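The primary structure of each chain is shown beneath.
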Amino acid sequence: MQKGQINVTTENIFPIIKKFLYSDHEIFLRELVSNAVDATQKLKTLATTGEYDGELSDVAIRIDVNKKKKTITITDRGVGMTEDEIDKYINQIAFSSAEEFLEKYKDKANAIIGHFGLGFYSSFMVSSKVEIHTKSYKNDSKAIKWECDGSPEFSIEEIKKEDYGTKIILHIDDESKDFLEKSKIEELLKKYCKFLPVPIVFGKKTEWKEGKEVDTDQDNQINNTSPAWTKKPADLKEEDYQSFYKELYPMTFDNPLFNIHLNVDYPFNLTGILYFPKIKQNFEIQKNKIQLYSNQVFVTDSVEGIVPEFLTLLHGVIDSPDIPLNVSRSYLQSDSNVKKISSHITKKVADRLSDIFKNERDEFEKKWEDLKLFVAYGMLSDPKFYEKAIKFALFKNTEGKSFTWDEYNTLIKDNQTDKDKNLICLYTSDTEAQFTFIEAAKRKGYDVLVLNGQLDSHLLNHLESKFENTRFTRVDSDVVEKLIRKDEDTTSKLKKEEELDLITVFKSHLPKEGNYIVMFEPMSPNSNPVMITQSEFMRRMKEMSAMGGGMSFYGDLPSSYNLVVNSNHNLIEQIAKSTEEAVKAKLEPIKKEVSSIDSDIQALETLKKGKKEDEIAQEEKDQMDELRKKKDDLNKKKEDVLSEYGKDNKLIKQLVDLALLSNNMLKGEALDNFVKRSVELIEK
Ligand code: ADP
Ligand code: MG
């Protein structure tokens, strides 16, 4: 037996390895199995070049757990190692890279916990002693055993071993005895080794016999050695993609909508299959994450930073030997290969959607509802994706017809361009609640889009910023006459003075909640007599502040609405008339007085004309103040008369309530009162 000292300066590297990497101990298995796969693949390559001409019948890699002896054994039929090779690869190279690694990351151990490349030495994270039994495939090689107990000392001796290949025996330490559970190892193998290219066998398949689980004589192979993404797209049918999806996510019952087969070998290596899942209305926690592989070895399923955030909504696998796997996440994000891969994937995804749109538009339209959240997310977060997606993103109107952005522009251009040459896209966020407004817009020949998706309000802001002369206006943000301002001047049937009086009358019936501004508009006699609208600007500001967009000033304001009275509606004309009659006796004297004061004020103003402030006599100033005060008092009196009259006017109350009702804003006691009043009015 020969003894040696591993060439390290750190006194004892192993306690440090253990301490540093506490969170990810399980990757020892991935590292050891990958080494076994590498060794097996090397032998296969040598066989194809003729450098090896021996048998290659059973290449399976076997993993065994012995709970009693507290060992885990990984056995392969790969190239094996000679004594020289052990010295070179295990004693020198692997150790020095382990040391270098620790040297480099000493200070930021926490940041790098996760993916790192300790390779073979990661086995010391869970072992008190590691043995390598190995025999090279080369003729006349001696079998040797290397052993190390976690100190820098190791021993090497010759042993008897029939087969070429390597057997790694881990003596699991007490802190790591969880790894001696069969179920734990099976779980890890399924996680990391599910698609390795060499058969991975973990014991025997079991069956139930007489109430006991017993081994059969069949190998329990963990992996599928040729998963779909390693095949050529031409060799795969739609069913193959569907069944691979099930293989990836056995607990999922929904079928994916589409898939993309990635197959790049220049300027980087990348294969994979991505699936578009059905994305539900809510951004649910994504349970089917994209899995990242490196040469069929599972690396991680947290791909944030490797693919753009919106693509994390996709499912599937990405396999690239060019992604540096054994480094920290922040390093990954700044890696230029990773960036290239990321933008390549984005491009592929956009191209695939664009293809389906062009070649199978019907299919695309059918699946749009399930895709739109994903596409909207991509358009908002990635300018390059936006450029492509704006050509296939669909906009649906209230009739259920779908249009691309260009098609829609052509459709509405003639009828929905306002006097300032802005294209006005009308939309509804709720076809039920905004029904009245939608109907009014349709009667006017306008088209109304349905924008009720979770990201639609962001998307329309985004589109407005992209297209200078385009505005989105919700159908209930104004009366239909003013939604799209054109140069048509409709005249009112009411006189200005009548309108002013009626504003006071209507004010006595405003709801207590919210801020209302009463205004008169000369609309079509067929439009509703009274309507409630909310300005697009104010509503958006409040929505943004509710979503945490920093507009808290607007969020704190009470909602403000317009109560718009149709001055051309018959009922309003009637109300104007009857109001006039009812308050005539009381208002006439007041109005007379007001107009006499007005002419006094007028007279004073003429006197003042051309004089500087200090040339005006104090007497004149006082007189003016008094007149103004008198006028204010009279106006107040006038308003009192009108409010007094308004308060008892059930018809007005009824009209205001009807407007509230058609906006879904009449609730509770107010609604109850409305119903009772309606019954009374019908009985009359
Ligand atoms: P890496 O795999 O990145 O080279 P490792 O520390 O995992 O680093 O392994 C170091 C070296 O030891 C390998 O490159 C290989 O030459 C050798 N080796 C490890 N495991 C085996 C094995 N099962 N069979 C043959 N050689 C092995
Ligand atoms: Mg390795």
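Below is a short write-up of the structure.

Thresholds applied
- Residues numbered from 1 in each chain as written.
- Chains lettered and ligands numbered in written order.
- Predicted model: local features only at pLDDT ≥ 70, side-chain atom pairs only at ≥ 80, totals over all residues.
- Heavy atoms only, no water.
- Axes fitted to C-alpha atoms, helices over the stretch in contact; angles between N-to-C directions.
- Helix = DSSP H or I, 4+ residues; strand = E, 2+ residues; numbered from the N terminus.
- Parallel < 35°, antiparallel > 145°, perpendicular 65-115°, else oblique.
- Left-handed = near helix turned anticlockwise from the far one by under 90°.
- Contact = heavy atoms within 4.5 Å.
- Nonpolar A, V, L, I, M, F, W, Y, C, P; charged D, E, K, R; others polar.
- Near = heavy atom within 4 Å.
- Polar contact = N/O pair within 3.5 Å; in protein donor to acceptor, adjacent residues only side chain to side chain.
- Core = buried A, V, L, I, M, F, W, Y, C linked by side-chain atoms within 4.5 Å.
- Buried < 20%, exposed > 50% of the residue type's maximum accessible area, 1.4 Å probe, protein only.
- Pairing = 2+ DSSP bridges.
- Expected span 1.5 Å × (residues − 1).
- Phe/Tyr/Trp six-rings, centres within 6.5 Å; stacked < 30°, edge-to-face > 60°.
- Lys NZ or Arg CZ within 6 Å of the ring centre and 35° of its normal.
- Patch = residues over 30% accessible without salt bridge, like charges linked within 9 Å, V, L, I, M, F, W, Y side chains within 5 Å.
- Areas by Shrake-Rupley, 256 points an atom, 1.4 Å probe, with all protein chains shown as cover.
- Salt bridge = Lys/Arg side-chain N within 4 Å of Asp/Glu carboxyl O.

A look at the packing of helix α13 (residues 456–466) against helix α16 (residues 536–546)
And then number 1: Between α13 and α16, the shortest axis-to-axis distance is 11 Å and the interhelical angle comes to 120°. Comparing their axes, α16 and α13 come out oblique. Helix-helix and strand crossings are classified by hand; for α13 and α16 the assignment is left-handed. Contact residues: Ser457, Leu460, Asn461 and Glu464 in α13; Arg540, Glu543 and Met544 in α16.
And then number 2: Here the residues of the contact of α13 with α16 sort into 2 nonpolar, 2 polar and 3 charged.

Some details on the site of ligand 1
And then number 1: Around ligand 1 lies a shell of 10 residues, among which Asn35, Ala39, Asp76, Phe120 and Thr166 are the nearest.
And then number 2: Residue Asn35 places a side-chain N or O atom 2.7 Å away from an oxygen atom belonging to ligand 1.
And then number 3: In this structure, a nitrogen atom belonging to ligand 1 sits 2.9 Å away from a side-chain N or O atom of Asp76.
And then number 4: Where the shell around ligand 1 is concerned, the elements lending two or more residues are α2 (27–49) and α3 (83–105).
And then number 5: Here the shell around ligand 1 gets 3 residues from one element, more than from any other, and that element is α3.
And then number 6: Split by residue class, the shell around ligand 1 holds 6 nonpolar, 3 polar and 1 charged.

Concerning the nonpolar core
And then number 1: Phe276, Ile345, Val349, Leu353, Phe374, Val375 and Phe385 are the most contacted members of the largest nonpolar core, which has 59 residues in total.
And then number 2: Put simply, the parts of the chain that give this core at least two residues each are β10 (258–264), β11 (270–276), α8 (336–359), α9 (361–381), α10 (383–389), α11 (405–412), β17 (423–428) and α13.
And then number 3: Apart from residues lying up to four places away in sequence, Leu353 is in contact with Phe258, Phe276, Phe364, Leu371, Phe374, Val375, Phe385 and Phe392.
And then number 4: Counting 57 residues, the second-largest nonpolar core is a separate cluster that includes Val126, Cys148, Leu170 and Phe244.

Observations concerning the pairing of strand β4 (residues 127–135)
And then number 1: Here β4 lies mainly inside the structure; 7 of its 9 residues are buried.
And then number 2: Bridge count for β4 against strand β7 (residues 165–172) is 8 bridges, and the pairing is antiparallel. By the bridge assignment, Ile132 is partnered in β7 with Ile168.
And then number 3: Pairing geometry for β4 and strand β5 (residues 144–148), over 5 bridges, is antiparallel. Bridge pairing links Thr134 to Ile144 in β5.

Thoughts on α8
Think of an α-helix as turning once every 3.6 residues; residues three or four places apart then point the same way.
And then number 1: Relative to the 34 Å expected for 24 residues at 1.5 Å per residue, α8 spans 34 Å between its end C-alpha atoms, a close match to the ideal helical length.
And then number 2: Turning to α8, its buried residues number three or more, namely Val338, Ile341, Ser342, His344, Ile345, Thr346, Val349, Ala350, Leu353, Ser354, Ile356 and Phe357.

Overview of the packing of aromatic side chains
And then number 1: Summed over the entire model, instances satisfying the criterion amount to 31 aromatic pairs.
And then number 2: When the centroid spacing of 5.5 Å and the interplanar angle of 75° are considered together, the rings of Phe357 and Phe364 count as edge-to-face.
And then number 3: Judged by its relative accessible area of 11%, Phe357 falls in the buried class.
And then number 4: Connected via pairs of aromatic rings, a cluster forms that spans Tyr192, Phe195, Trp229, Phe244, Tyr293 and Phe298.
And then number 5: The cationic tip of Lys466 hangs over the ring face of Tyr386; the distance from NZ or CZ to the ring centre is 4.4 Å.

Topic: the pairing of β11
And then number 1: Counting buried residues in β11 gives 7 out of 7 residues, a clear majority hidden from the surface.
And then number 2: Residues of β11 alternate between two faces, with Leu270, Gly272, Leu274 and Phe276 on one and Thr271, Ile273 and Tyr275 on the opposite face, all of them buried.
And then number 3: The sheet contact formed by β10 and β11 spans 7 bridges and is antiparallel. Counterpart to Val264 in the pairing with β11 is Leu270.
And then number 4: Between β10 and β11, which pair antiparallel in sequence order, lie 5 residues.

So, the packing of α8 against α9
And then number 1: Relative orientation of the contacting elements α8 and α9 amounts to 150°, with a least axis distance of 8 Å. It follows from the interaxial angle that α8 and α9 lie roughly antiparallel. Between α8 and α9 the crossing geometry is left-handed. Residues Val349, Leu353, Ile356, Phe357 and Asn359 of α8 touch α9, and the partners they reach there are Arg361, Phe364, Leu371, Phe374 and Val375.
And then number 2: Broken down by class, the residue content of the contact of α8 with α9 amounts to 8 nonpolar, 1 polar and 1 charged.

Things to note about a nonpolar patch on the surface
And then number 1: Among the surface-exposed residues, Leu658, Leu661, Leu671, Val675 and Val679 lie close enough to one another that they form a single nonpolar patch of about 360 Å² accessible area.
And then number 2: Top element by residues in the nonpolar patch is helix α21 (residues 668–683). It accounts for 3 residues.
And then number 3: Here Leu671 is to be found in helix α21.

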